[in-house]
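Observations on the model geometry
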Amino acid sequence: GGIVKELPFCVRLVQSLPDINNTLKMEVGIEDCLHIEFEYSKAKYHLKDVVVGKIYFLLVRIRIKHMDLEIRRRESTGSGANTYNESETLAKFEVMDGAPVRTESIPIRIFLSPYDLTPSYKNINNKFSVKYFLNLVLVDEEDRRYFKQQEIQLWRNELI
């Protein structure tokens, strides 16, 4: 009656299309130096979806060297004082190289299918979470980094 063979297993949760999937729109800036607005077509994506958006420069008074957009995953385990967080950059895209001008608009298109993504999980049994973020990083000529992070939700629409 002992164990003959161990096999790994996994659980795959298939979800339906979210009822509400609003656009993500956010403004960020440094007073009297930089003001940008970014907009993504939606906030919830299936694992093989495409992130589509735009970045608008409304005020530019600092010398930006380049701008990157990252997909980041943050996993949390445990609870209370025993919570452990681990973050990982899954993808990094150079969106812009060189200084933008006022009123410039940069289109964004990121295909999610090449990456090893899982659905977002929120507070499973108060012990486990998986969150994804789009992280916009601007670097100026003095190598100072400015960033803005926006959470997105991922869901699985079919077993692959």
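That block above? That's the structure.
Structural notes, computed from the coordinates.

Section: the overall build of the protein chain
When its secondary structure is counted, the protein chain shows 0 helices and 10 strands. Its C-alpha atoms give the protein chain principal-axis dimensions of roughly 75 × 35 × 25 Å. Residue pairs at least 24 apart in sequence account for 62% of intrachain contacts in the protein chain once pairs closer than 6 positions are excluded. Summing over all exposed atoms, the protein chain offers an accessible surface of approximately 10400 Å²; the carbon and sulfur share of this is 48%. Computed over 23 positive and 23 negative side-chain charges, the inter-centroid distance for the protein chain is 4 Å.

Some thoughts on the nonpolar core
Within the largest apolar cluster, 32 residues are counted, with the highest numbers of intra-cluster contacts made by Ile-55, Phe-57 and Met-67. Only β1 (24-30), β2 (34-40), β4 (50-60), β5 (64-77), β6 (84-97), β7 (105-111), β9 (128-140) and β10 (145-155) provide two or more residues apiece to this core. Looking at which element gives the most residues to this core, the answer is β9, with 5 residues. Beyond its immediate stretch of four places on either side in the chain, Ile-55 contacts Glu-37, Phe-38, Met-67, Val-95, Glu-104, Ser-105, Ile-106, Ile-108 and Leu-136.

Quick word on the sheet that holds β7
Within the open sheet, the 4 strands sit side by side as β1-β2-β4-β7. Their pairing is antiparallel. Lying at the two open borders of the sheet, with one neighbouring strand each, are β1 and β7. Within the sheet, the average angular offset between the axes of one strand and its neighbour, ignoring direction, is 20°. With 7 bridges joining them, β4 and β7 adopt antiparallel strand pairing.

Here we look at the environment of Tyr-146
Of note, Tyr-146 is situated in strand β10. When neighbours within four sequence positions are excluded, Tyr-146 is seen to be in contact with Ile-30, Ile-62, Leu-136, Val-137, Leu-138 and Asp-140.

Some points on the environment of Thr-118
Residue placement: Thr-118 occurs in the loop between β7 and β8 (121-124). Judged by relative accessible area, which is 30%, Thr-118 ranks as partly exposed. Along the chain, Thr-118 and Glu-142 lie 24 residues apart, while their C-alpha atoms are 37 Å from each other. Here Thr-118 is in contact with Leu-47, Arg-73, Val-130, Tyr-132 and Leu-154, once residues within four sequence places are set aside. Within the structure, Thr-118 has its side chain in polar contact with the side chain of Tyr-132 (distance 2.9 Å).

Thoughts on the pattern of salt bridges
Scanning all chains against the criterion turns up 9 salt bridges. In this structure, the salt-bridge partner of Asp-49 is Lys-42, at a minimum N-O distance of 2.9 Å. Looking at Asp-49, the relative accessible area reads 11%, which means it is buried. Take Lys-42: its relative accessible area is 22%, and that puts it in the partly exposed class. Here Glu-75 and Arg-73 are joined by a salt bridge, their closest N and O atoms 3.7 Å apart. Since its relative accessible area comes to 31%, Glu-75 is described here as partly exposed.

Here's the deal with the environment of Gln-149
Mapped onto the elements, Gln-149 comes out in strand β10. Assessed through its relative accessible area of 29%, Gln-149 is described here as partly exposed. Distance from Gln-149 to Asn-126, taken between C-alpha atoms, is 24 Å for residues 23 residues apart in sequence. The contacts of Gln-149, once residues within four sequence positions are left out, are Met-26, Arg-72, Arg-74, Phe-133, Leu-134 and Asn-135.

Calculation notes
Residues numbered from 1 in each chain as written. Predicted model: local features only at pLDDT ≥ 70, side-chain atom pairs only at ≥ 80, totals over all residues. Heavy atoms only, no water. Helix = DSSP H or I, 4+ residues; strand = E, 2+ residues; numbered from the N terminus. Contact = heavy atoms within 4.5 Å. Areas by Shrake-Rupley, 256 points an atom, 1.4 Å probe, with all protein chains shown as cover. Lys, Arg positive; Asp, Glu negative; His and termini not counted. Charge placed at Lys NZ, Arg CZ, Asp CG, Glu CD. Core = buried A, V, L, I, M, F, W, Y, C linked by side-chain atoms within 4.5 Å. Buried < 20%, exposed > 50% of the residue type's maximum accessible area, 1.4 Å probe, protein only. Pairing = 2+ DSSP bridges. Axes fitted to C-alpha atoms, helices over the stretch in contact; angles between N-to-C directions. Polar contact = N/O pair within 3.5 Å; in protein donor to acceptor, adjacent residues only side chain to side chain. Salt bridge = Lys/Arg side-chain N within 4 Å of Asp/Glu carboxyl O.

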